Amino acid sequence: MNPALKESRSRREFRNEVYLEYGAADFHDVCCSLVKDHRALLRLMFGTDERLRDGSFRIYAVFSIPGQDRFLIPVLQLGDKESSFPSITSEVPAAQWYEREISDMFGLSPEGHPDTRRLVFHEAFPAGSHPLRKDWSITDEEKAVWGEGRKINVPHPFMEVAGEGIVQIPVGPVHAGVIEPGHFRFSAIGETIFFLEPRLFYTHKGTEKHFESFGFSDGVRLAERVSGTDSFSHGVAYCMAVERMMGIEITEKAAAVRTLGMELERLYNHIGDIGFLCAGTALAVGYAKGAVIREELQCLNERLTGSRYLRGVNAVGGVTTDMLEHADDLLRTLDSVTVEYKSMMKLLLSSVSHVERLENTGKLSRDIAARLGVTGVAARASGLADDVRKSHPHLLYDRMIFEAHTLEKGDVLARMLIRGEEAECSISMVHELLESSYRGGLTVAVKRPEAYASALGYVESPRGSLFYWVMSDKEGKPFRVKLRTPSYCNWPAVPFAVHGNIVPDFPLCNKSFNLSYSGCDR
Amino acid sequence: MTIPSSLIETTQVALLLAAAPLFTGWVKMVKCWMQGRTAPSLLQPFRDLAKLFSKDVVLAENASWIFRFTPYLVFGVSVLAGAIIPVLSTDLLLSATADVIVLVSLFAIARFFTALAGMDIGTAFGGMGSSREMTIASLAEPGMLMAVFAVSLVGKSTSLSQMTAVISQGGHAMLRPSMVFALLAFILIALAETGRIPVDNPATHLELTMIHEAMILEYSGRHLALIEWAGMMKLYLFTVLGIAAFFPWGISLNNDLPAIAGALVFLFLKLGFVGMALVLIETGLAKMRIFRITEFLGSAFLFATLGMMSFFMLE
């Protein structure tokens, strides 16, 4: 069943991707109607500079409609003289950051966006410099100024909350612990958080631009390093996008190894995250137990692949090692992990003082989660049954038995319980994977992609849905690589979750989302 | 052979300076064992202090004399407090000059200046820490005084030496309901005053959750060393105060050498035991939400009041 949409200028179908090209006014209406009338989810939105190809900029908005394994992608074509496009943020709040980023990267400003400040670039970055334009260049003088970070080219005023008794608490970007940088501006009344504005993108590395200087096959090494604990997911999503674009199918065996890696990554992340929550409540035993189990799993990763973060397994066209050969080691480690994990959960859930801290803390309502396009554990804990493994089956997930667990409450405890249930699911999926044997070799031959071919790659990483979109140029080299991490979707939801909580509970709320700064900032 | 009480006093202060880091090291050690980790050496706190003393002090540009003066004051006050609590013997040079009410005020002075220093440099964390610390103090100090009064009713004096002597000679003092209530109140208050879990987490790196650590976040070098050392002494002092008031057996009533030596052995045994009990509390509980502390300290006050009332009604 296709939603009735306005007639497009051109329509192109490619696997489960439907590209529909529109003019500015129609693009806006179609995007809004998809969300309003068809409950579509905005998966990602990005721009491309295709002036070399046909003299136009394009903006792609990728939607998926619940219950259908297809992506509807309205495309806005803009002439090379145009400098703005109609913003959809007022109707589709999930688009807020994407549109600001397009403005930063391409100099195309979203007309009617409620927040016109820059998103990715901080004050020192020169005004009017848009790195993802193909003709972008930067002088040495300008480069020297960025490093200093002191000169203000474009001011970035924080949102002010005025009134009696309201205190501003600036926190970060340098923190007391060894964690990534992020600045948080609290407006608090006493200890109660009234408003929080995070400032991120301190670790912006221009990764998407950097991909353009690699070959497609080498890009996987960069993808694996976008976000440490999601390394494998990034590798799979990137390879999947490139393989689809090239028109090659990986073997069943490679798909099985990737599925196994995905679940191992989910397992060590979820158990580690449950343990990390205990650091927020100062429950030392739980923290230590979580760290021990995570370490065992990461040691297992190292024995299987030579990398604690499962790096170097994925390659375009398949996988480099057959992790399934180590079935004995896998089963032995998982058995001991299962026992320890169960005793840890029993300990945590029977600790009244711990559960009391988690309950009703950092509540994210279902409505706000849906409107902001929250993904992963945070979405499922707030009652949104969104799991890319279910809605857009890939790898071997169409034949695996698993549930996309949801809870309604949306508090820190719900997020912890969802992680717990998914970890148990991952254990049983690994067992299931090891029961059968799989056809085919590890890799298939790589093809040269056609000119200006493009495709999506997507997985459910431990943090939530992760998307890559790749496009080749005339010579079959990367023309544009867009990556959208789950952290990028979930960061805007954190201020809503902490509203009304007290300042000392912020680290706990933040940990329960466990967002990656590096993955968000790229 | 009798030792002059001036020598006892000197020994006690020396013991305070040396045993406080050792005790902190012991607590850390047991904590590591409980969590299945390899423990650092018992001497680690000394190494940390030595490291801090050898580092340069970094001062905020707008730090006033209060900020520079506070570490010395806090350290001095802790040493003075150590001189009036009977640790080895009740026959102390300073015991007549200061009673238990003075002791409580000494801690209050140290806290007052730490809170001022926290606000002095004008950072958000300092102010936040000071505000939280004073909230806790306003609840803990009345409870502390009530608990101490309940004990001094049994000990028939507010002089610490006098109380200790009476209670240790009383034999069955611990069986009194007033003492049991006072002990419960004292434990709750000591946890809050020394910044232990479930009230504060001394090991946290999460600056937003800190209470005591937030106030001293801007200190460095020898200033930080003095404050850290004073913090260790505070934990030790509350422990020996609890021992002197509730479990005084072993503390010498005269200045005989064998009795003092015996007191020393008893002290280390008791410290070891208290350290383990503290770790049990700290590992078994999560830190409570900051607004729960009012209920926590409210119940401490209630216990202390019950202690006093049961003294008049039951004993």
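**Q** I'd like to hear about the overall build of chain B, residue by residue, with values.
**A** Secondary structure summary: chain B contains eleven helices and zero strands in total. Start at the N end of chain B and walk to the C end: the helices and strands fall as α-α-α-α-α-α-α-α-α-α-α. Its C-alpha atoms give chain B a radius of gyration of 19 Å, near enough to 20 Å, the size a compact globule of 315 residues would have. Each principal axis of the C-alpha distribution contributes one length, and for chain B these read about 55 × 45 × 45 Å. When each of the 315 residues of chain B is scored for burial, the buried share is 49%. Across chain B, the fraction of contacts at a sequence separation of at least 24, relative to all contacts at a separation of at least 6, is 81%.

**Q** Pulling in residues and values, what's your account of the interface of chain A and chain B?
**A** Contact with chain A, which involves 25 residues of that partner, is made by 24 residues of chain B. Elements supplying a minimum of two residues to the side of chain A that touches chain B: strand E8 (166-171), helix H8 (252-281), helix H9 (284-305), helix H11 (352-358) and helix H18 (506-513) of chain A. The greatest single-element share of the side of chain A that touches chain B, amounting to four residues, is contributed by H9(A).

**Q** Hey, could you go over unusual backbone geometry for me, with residue numbers and the actual values?
**A** A cis amide bond links B:Ile197 with the next residue in sequence, B:Pro198, at an omega value of 15°. Assignment of secondary structure puts B:Pro198 in the loop between helix H7 (177-193) and helix H8 (212-215). Located in the positive-phi region is A:Arg15, a residue other than glycine, with phi close to 50°. Residue classification places A:Arg15 among the exposed positions, given that 12 C-beta atoms sit within 10 Å. Of note in this structure, A:Leu310 is not a glycine but carries a positive phi near 60°. With respect to the secondary-structure elements, A:Leu310 resides in the loop between H9 and strand E11 (314-315).

**Q** Would you mind going over the pairing of strand E3 (residues 41-50) of chain A in detail, with residue names and values included?
**A** All names here are of chain A. Judged by how many residues are buried, E3 sits mostly within the fold: ten of ten residues are covered. One ladder, built from nine bridges, connects E3 with strand E4 (residues 56-64); its direction is antiparallel. What sits directly across from Leu 41, in E4, is Ser 64.

**Q** Got a sec to walk through helix H10 (residues 257-284) of chain B? Specific residues and values, please.
**A** Residues and elements named next belong to chain B. Between its terminal C-alpha atoms H10 stretches 41 Å, which fits the 40 Å expected from 28 residues at 1.5 Å a residue. For H10, the set of buried residues is Ile 260, Ala 263, Val 274, Gly 275, Leu 278, Val 279 and Glu 282. The secondary structure elements touched by the buried residues of H10 are helix H1 (5-34) and helix H9 (221-246).

**Q** Provide a residue-level description of the pairing of strand E9 (residues 183-189) of chain A, including the pertinent values.
**A** Residues and elements named next belong to chain A. The alternating pattern of E9 places Phe 184, Phe 186 and Ala 188 on a buried face and His 183, Arg 185, Ser 187 and Ile 189 on a face that is not buried. Inspection of the sheet shows E8 paired to E9 by six bridges, in the antiparallel sense. Note on E9: the bridge partner recorded for Ile 166 is Ile 189. Hairpin connection of E9 to strand E10 (residues 192-199): two residues between the antiparallel strands, including Gly 190 at a positive phi of 65°.

The rules behind these values
Residues numbered from 1 in each chain as written. Chains lettered and ligands numbered in written order. Predicted model: local features only at pLDDT ≥ 70, side-chain atom pairs only at ≥ 80, totals over all residues. Helix = DSSP H or I, 4+ residues; strand = E, 2+ residues; numbered from the N terminus. Rg over C-alpha atoms; globule rule 2.2 N^0.38 Å. Buried ≥ 20, exposed ≤ 12 C-beta atoms within 10 Å, placed from the backbone. Contact = placed C-beta atoms within 7 Å. Pairing = 2+ DSSP bridges. Expected span 1.5 Å × (residues − 1).

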